[in-house]
Amino acid sequence: MGGQQQKKYERGSATNYITRNKARKKLSLSLADFRRLCILKGIYPHEPKHKKKVNKGSTAPRTFYLLKDIRFLLHEPIVGKFREYKIFVRKLRKAYGKGEWAGVQRLRENKPSYKLDHVVKERYPTFIDAIRDMDDALSMCFLFSTFARTGKCHVQTIQLCRRLCVEWMNYVIASRSLRKVFLSIKGIYYQADVLGQLVTWLVPYQFAHNHPTDVDYRVMATFTEFYTTLLGFINFRLYHSINLAYPPKCVVSPHFYSQKLSALSATLSRVISAPEDEDAELDHFPAEGEDAEALQVREKQQKGLDAQKRLFEGLKFFLSREVPREPLAFVIRCFGGQVSWDQSLCMGSTYNATDETITHQVVDRPNVDKKYINRYYVQPQWVFDCVNGKMLLPVEDYFPGVTLPPHLSPFMEEKDGDYVPPEKLKLMALQRGEKPGEIKFEEEEEGDEANADEDYDDDEEEMDNKEVRDEKSLKMIEKQRSQERAVSVMVTPGKVKAENKMRLEYEEKAEEKHLAIMMMKKKEKYLYDKIMFGKRRTVREANKLAAKRKAHDETLKANKKKKGKKD
Amino acid sequence: MIVEASSPTIRQHGSSRVMVPGMEHLLRPARHFLSDGSFSVQYPVGYTVFSPRLTLPLSRVMNSQACAFRLSTFHLYFLKSLSEDIRNTVGNVPMEWYQDYPHIGYDLEGKKIFKPIRNKDELDEFLDKMENPDYWRTVHDKMTSTDIRLTDEQISLVHRLQSGQFGDVNFNEYEPYIDFFSGETMIHPVTNRPQDKRSFIPSLIEKEKVSKMVHAIKMGWIKPRKPKESDLQFYDLWAKEDPNAILGRHKMHVPAPKMKLPGHEESYNPPPEYLLTEEERLAWEQQDPEDRKLSFLPQKFSCLRSVPAYSRFIHERFERCLDLYLCPRQRKMRVNVDPEDLIPKLPKPRDLQPFPTIQSLIYRGHSSLVRCISLSPSGQWLASGSDDCTVRLWEVSTGRCMKTVEVGGAVRSIVWNPNPAICLVAVLVLLNPYLADKLVYNATDQLIASYVEPEEERPQPVQWQVPEIEDSDKGFRLIITHPKSVKQVTWHSKGDYLASVLSDNSNMQVLIHQVSKRRSQNPFRKNKGLVQCVSFHPIRPYFFVASQRCVRVYNLIKQELMKKLMANCKWISSMAIHPGGDNVICGSYDSRLSWFDLDLSTKPYKVLRHHKKALRGVAFHKNYPLFASGSDDGSVIVCHGMVYNDLLQNPLIVPVKVLKGHTLTHNLGVLDVAFHPTQPWVFSSGADATIRLFT
């Protein structure tokens, strides 16, 4: 029997994890270098399932890395480069101290540098993986591209970010893959469909940044270092996938980087001239288990998508000087529209405001001095709402100086039970092809009817009963009076209680459910209660929003009435 | 001493004018800063400073070093020109001091230099000026009081100096530059010094250096400089992508969750209902940033132009970065169940009928809590005991109180004798309610009267008494006086034995009485916890004793402990035994009901937590598969508890009805429940002094 006694924490999950400090020591790196390495290689701490076991019985808060991850880092060539760089810095400092300028020069020329190509390949073994993880990369690059030369990061990084962003935007334009745009108070969200993956990124509004002091820009710079490499490779592949030359010629000259906008107005040179008939009918192969209906739905979706891609085709836009040119030009061009702006503002304008063929002029001020008859003047929100609505919305609501309808988030997909703002309902009706006037009417009617029905039912019954009762009692009293206390004992005829069958059934079912819930196991009951709590909360929130809206609408109506009376 | 410009001699000198010393400040000198840091002073063209004491004003004019040199040469010339040596030795003192003396100083030998006898006055001056053609070149020496006529050389020197030229006429300041060490090869060496020997021999130091480098190259220490690559070269990285080439660590890879997509409230122009009201905004501001549901305040802007920059943009991006590399990740399985699926599928209560559903009768009459109820075996009569010290007997079908019997104290337990041949109700006394066939209750009386006292008196733990005549008229037949108050009484199914529970801490908590022999005995020698209730097995000679936390099952014949059922609850309140005898239910004060299957285990087969408050009474139906529990929350829950004869099939328990009717008084609801022996009816007695019948 014998055998050595098993020691604790030498098997199982305790051996799979390593604390951060131990990992750092194992790699013999400083904390800053370790952090950079983790960022570049995409290593992150794991939360063990049984923390106490992994922590060898202690409950102290520690971060754990997977031991395999750390072992994997051991063979990383970048680690060697980090050490070289450390030595380089030391030598350089020494040379400076001694005043050996030739030495400084020589050292500088041989500054160690590393490439991240292999890291990108390692982290994203397939191209789709890379695209799936693009959101953060894009948002970061767009943020860095708006930085001025403030010494928060290298100028080269900023320029590279600008270049990559312009390249990416050009790709999105060329492939017409933009799907949704959202003007939020934080910035502008864009969503593109790239090779079947939804890529969302956030671009800040064009303002100078107020650089916060409690942000570690080195961390951000390290992330950007990786993201720029990743984006470059992705752009390369994407450009080649639609037969475009990379790097695009319009983007190569450096002064273009600062002027993203002008770069956007240039068309890209194609490696192979695009075939004329791009939209050849694709053959449809019904997926297994897909019936005709589903197929139809899919076809319809495809058609809608194609229509959306050509949303602004044939329209000619002109941007006034007060509207943000870059996002608008980008969005309009993404959907096939032509766009230009005043020549004195920025490079790349293609036609003037006097052009007679302009169909829409985007204006963001209450009134325009000189108006042309043959074009619409709209506020910028119209463009974005059209994109999100997948159709050209009526322009009346978006004329300059008009109070704009709310701008809704296209990312919200309401499930049943969630609150849906009435504007969204209106939009959905529009998409279905109904006229807005009718809908409004119907909606109101429906609402009123529903309310009225309920009220009517309840009230009527109650009222009837009451009235009948009152009458009867009155009669009785009268009779009694006339008989002058002749009879003291009365037998009143019983009333037939009307049985509501539906209600009874419903009650029965509810009771059944209630009883079944009583028989639940403790664990399931807990889970059930939790789910139901969540559901009830959503309902409560939805109700709250609806009530708020109702109150708001009522105050609006009242104000209108008041105004009308005054007039 | 101003010379008129019209003077012909002066005109010879061009446009120069002579001024009296001291007047020169009237002219604004132009200072020119020279490249070497000094500056030259130039008077406007056409004016010449001319001073009788030449040294002073000139030295004042020429301050720079270069000027000093020129001055000294000038001085030399000047002194040489004086032929006779009448030098005044007084030094640089104002000559005014000698105004009142005949002399004006001393010469080199120390002799006085006398003033000329007659000073020139204005007229002389004028005449002199008019007549003397050399007047313009005459200088008055104050030191010696003599007039000196300047020679032509001296005048030209003065002119040269004034125009900023060198004193020497012959000095050429623009000599051509002789480039000694020019790049041009010359036939002759510049210096004739013979060359060093070392210039012909290769340098040793250089050789050493070169050889070191050669060695380093040989050893591979020095490498040729690599051609510098441009920083970023993008290429098709995924050209040879292999979808299966996923690293091992990717198995454990937890991809970072994507950023949450924005909702309507984040819009720059959200629908009005998403904007926060004043109170909500205040609440938002008072919350900790971590607790906030929204990280920003929804705002509405009338147009896109007025939207400002978002001040926390960089912060949020940075926080995202931190999350990406610092936040521990864990794969959590999210339960995505339809809550309807969690509800167990039970047979419909409708299919399990009959069971009581509606409250149909209320028996009113008691004035205090009705603690206990019991039904006669025929199901026609109902006995109830209350805290108002009465026992009432009711007719079940009409709800009429047939009889009220005053008993000495609060009635805690009342049981009807289960034997249909005997009409007896056990309270603390055995009571003949006279409610039955006359035959039956006469037979009962005879049975009790037929008792023959045994020959030898055995010591008994209790006293058996025959009641007095008044009492026996009320119906009392036997009184068993216990030393302590009795908590519970229960009949054996045959109707001869009777068990009672005393509220006592000693070993005498449970007593078993035999009515026919009027004998009592204490079956337990030891106290094993506070006994809550006892019960006889309906068929076998088993005896169930429920203490606070467990139920002990004793075999009465073998006189041993058979089983100990652990109830998993804090305090058992009541117990009922299935008529089949294999299942037991226990109600407890911690609102649980445990169902034991004696064949399965000593642990409860099922624990039901249907009630919200403490359970007070449980009961099984005799014929139907029903059991009921009454609780302090005022409800009676009727469950379908089917026990199958097949041993392999576990009992089926389905709650079928929640009956409500009792009102809560003093936080007490239902105190006892009892089933009708034949009908699927349930009776409940409550703290509101009523008994209710549910059919």
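For the structure, check the block above.
Residue numbers here run from 1 along each chain, matching the order of that chain's written sequence. As they are written, the chains are lettered A onward and the ligands numbered 1 onward, keeping that order. For this predicted model, a pLDDT threshold of at least 70 governs which residues receive local features, and a threshold of 80 or more governs which side-chain atom pairs are given and counted, while totals over whole chains, interfaces and linings are taken from all residues. The side-chain quantities take in all heavy atoms of the structure and omit both hydrogens and water.

Caption draft 1: Representation of the nonpolar core within the structure. Each nonpolar core is a collection of buried residues, namely Ala, Val, Leu, Ile, Met, Phe, Trp, Tyr and Cys, held together in the definition by side-chain atoms within 4.5 Å. Working definition: with a 1.4 Å probe on protein chains only, accessible area under 20% of the residue-type maximum means buried, over 50% means exposed, and in between means partly exposed. Core analysis: the biggest nonpolar cluster contains 119 residues, and Trp168, Trp201 and Phe312 of chain A have the highest contact counts within it. Of the residues forming this core, the biggest block, 13 residues, is contributed by helix α12 (residues 217-241) of chain A. Pairs of residues are marked as contacts when any of their non-hydrogen atoms sit within 4.5 Å. Once residues lying within four places of it in the same chain are set aside, the contact partners of Phe312 of chain A are Phe317, Val331, Ile332, Phe335, Gly336, Gly337, Trp382, Val383, Cys386, Val387 and Leu392 of chain A. Listed in part, the 17 residues of the second largest apolar core include Ala426, Ile448, Trp464 and Val515 of chain B. Each helix corresponds to a stretch of at least 4 residues labelled H or I by DSSP, and each strand to a stretch of at least 2 residues labelled E; elements are numbered beginning at the N terminus.

Caption draft 2: Spotlight on the pattern of salt bridges. The term salt bridge refers to a side-chain nitrogen of Lys or Arg lying within 4 Å of a carboxyl oxygen of Asp or Glu. A full pass over the atoms with the stated rule returns 39 salt bridges over all chains. When the shortest N-O distance is used, the salt bridge between Glu84 of chain A and Lys81 of chain A registers 3.9 Å. Here Lys81 of chain A and Glu84 of chain A lie together in helix α6 (residues 77-98), a separation of three residues that amounts to about one turn. Take Glu84 of chain A: its relative accessible area is 39%, and that puts it in the partly exposed class. In this structure, Asp590 of chain B and Arg592 of chain B form a salt bridge, with 3.9 Å as the shortest nitrogen-oxygen distance. Here the residues in one salt-bridge network are Glu423, Arg549 and Asp553 of chain A together with Glu273 of chain B, joined through shared partners.

Caption draft 3: A look at the interface of chain B and chain A. Contacts between the two partners involve 93 residues from chain B and, on the opposite side, 116 residues from chain A. Three residues, Phe234, Trp238 and Tyr325 of chain B, lead the burial of chain B against chain A; their summed loss comes to 10% of the area buried on that side. Across the chain B-chain A interface, the total number found is 12 salt bridges. Across the pair Asp135 of chain A and Lys258 of chain B runs a salt bridge, and its minimum N-O distance is 3.7 Å. Buried area counts how much accessible surface, traced with a 1.4 Å probe, disappears from two parts once they are put together, with both parts' losses summed.

Caption draft 4: Representation of the side chain of Ser629 of chain B within the structure. All names here are of chain B. Note that Ser629 resides in strand β32 (residues 626-631). In protein, a polar contact means a hydrogen-donor-capable atom and an acceptor-capable atom, both N or O and within 3.5 Å, with residues adjacent in sequence counting only if both atoms are side-chain atoms; elsewhere, any N or O pair within 3.5 Å suffices. Of note is the side chain of Ser629, whose polar atom sits 2.8 Å from the side chain of His611. Ignoring any residue separated from it by four or fewer positions in sequence, one finds Ser629 in contact with Leu593, His611, Leu615, Gly617, Val618, Ser635, Val636, Ile637 and Val673.

Caption draft 5: Representation of the sheet that holds strand β34 (residues 652-660) of chain B. A pair of strands is labelled paired if DSSP reports no fewer than 2 bridges between them. Judged by pairing direction, the sheet is antiparallel, and its four strands sit side by side in the order β31-β32-β33-β34 (chain B) without closing on themselves. Since the sheet does not close on itself, it has two edges, and those belong to β31 (615-620) and β34 of chain B, each with one partner. This sheet shows a mean twist of 20 degrees between the axes of neighbouring strands, independent of strand direction. Sheet analysis places strand β33 (residues 635-642) of chain B next to β34 of chain B, joined by eight bridges and oriented antiparallel. Within β34 of chain B, the position partnered with Met642 of chain B by the bridge is Leu652 of chain B. Packed onto the sheet, helix α21 (residues 501-518) of chain A meets β33 and β34 of chain B and runs at close to 125 degrees relative to β34 of chain B. Fitting a line to C-alpha atoms yields each axis, with helices limited to the stretch in contact; the angle taken between N-to-C directions then spans 0 to 180 degrees.

Caption draft 6: Main features of the packing of aromatic side chains. Any two rings among Phe, Tyr and Trp, with Trp reduced to its six-membered ring, count as a pair given centres within 6.5 Å; such a pair is stacked if its planes are under 30 degrees apart, edge-to-face if over 60, and tilted if neither. Evaluated as defined, the whole model comprises 42 aromatic pairs over all chains. Between Phe236 of chain A and Tyr246 of chain A, the aromatic rings sit 5.5 Å apart at their centres with planes inclined by 75 degrees, giving edge-to-face as the arrangement. Highlighted residues: Phe236 of chain A in helix α12 and Tyr246 of chain A in the loop between α12 and α13 (249-252), separated in sequence by 10 residues. Of the two residues, Phe236 of chain A and Tyr246 of chain A, neither departs from the other in class, the shared state being buried. Following the ring pairs from residue to residue traces out a cluster consisting of Phe142, Trp168, Tyr171, Tyr190, Trp201, Phe233, Phe236, Tyr239, Tyr246 and Phe330 of chain A together with Phe234 and Tyr235 of chain B. The ring centre of Phe226 of chain A lies 4.2 Å from the NZ or CZ of Arg123 of chain A, which sits over that ring. Over the ring of Tyr44 of chain A we find Arg329 of chain B; its NZ or CZ atom is 3.7 Å from the centre of that ring. Only lysine NZ and arginine CZ atoms are considered, and such an atom sits over a ring when it is within 6 Å of the ring centre and within 35 degrees of the ring normal.

Caption draft 7: Structural view of the sheet that holds strand β23 (residues 533-536) of chain B. Residues and elements named next belong to chain B. Spatially, four strands are ordered β23-β24-β25-β26 in an open sheet, and the strand pairing comes out antiparallel. The strands lining the two open edges of the sheet, one partner per strand, are β23 and β26 (560-566). Across the sheet, the mean angle separating the axes of adjacent strands is 20 degrees when strand polarity is ignored. As paired strands, strand β25 (residues 550-555) and β26 are joined by six bridges and run antiparallel to one another. Note that in β26 the partner of Val551 across the bridge is Leu565.

Caption draft 8: Here's a closer look at a positive patch on the surface. Residue and element names in this part refer to chain A. Patch members must show over 30% relative accessible area and no salt bridge, and they are joined within 9 Å when carrying like charges or within 5 Å when they are nonpolar side chains of Val, Leu, Ile, Met, Phe, Trp or Tyr. Accessible surface is estimated by sampling points in the Shrake-Rupley manner with a 1.4 Å probe; for residues, cover comes only from the protein chains shown. Residues scored as positive are Lys and Arg, those scored as negative are Asp and Glu, and His as well as the terminal groups of each chain are ignored. A charge is said to be at NZ when it belongs to Lys, at CZ for Arg, at CG for Asp and at CD for Glu. Judged by side-chain charge, Arg83, Lys86, Arg90, Lys91, Arg93, Lys94, Lys98 and Arg106 come together as a positively charged surface patch. The biggest single contributor to the positive patch is α6, with seven residues. The topology assignment puts Lys86 in helix α6. You can call Lys86 exposed: its relative accessible area is 53%.

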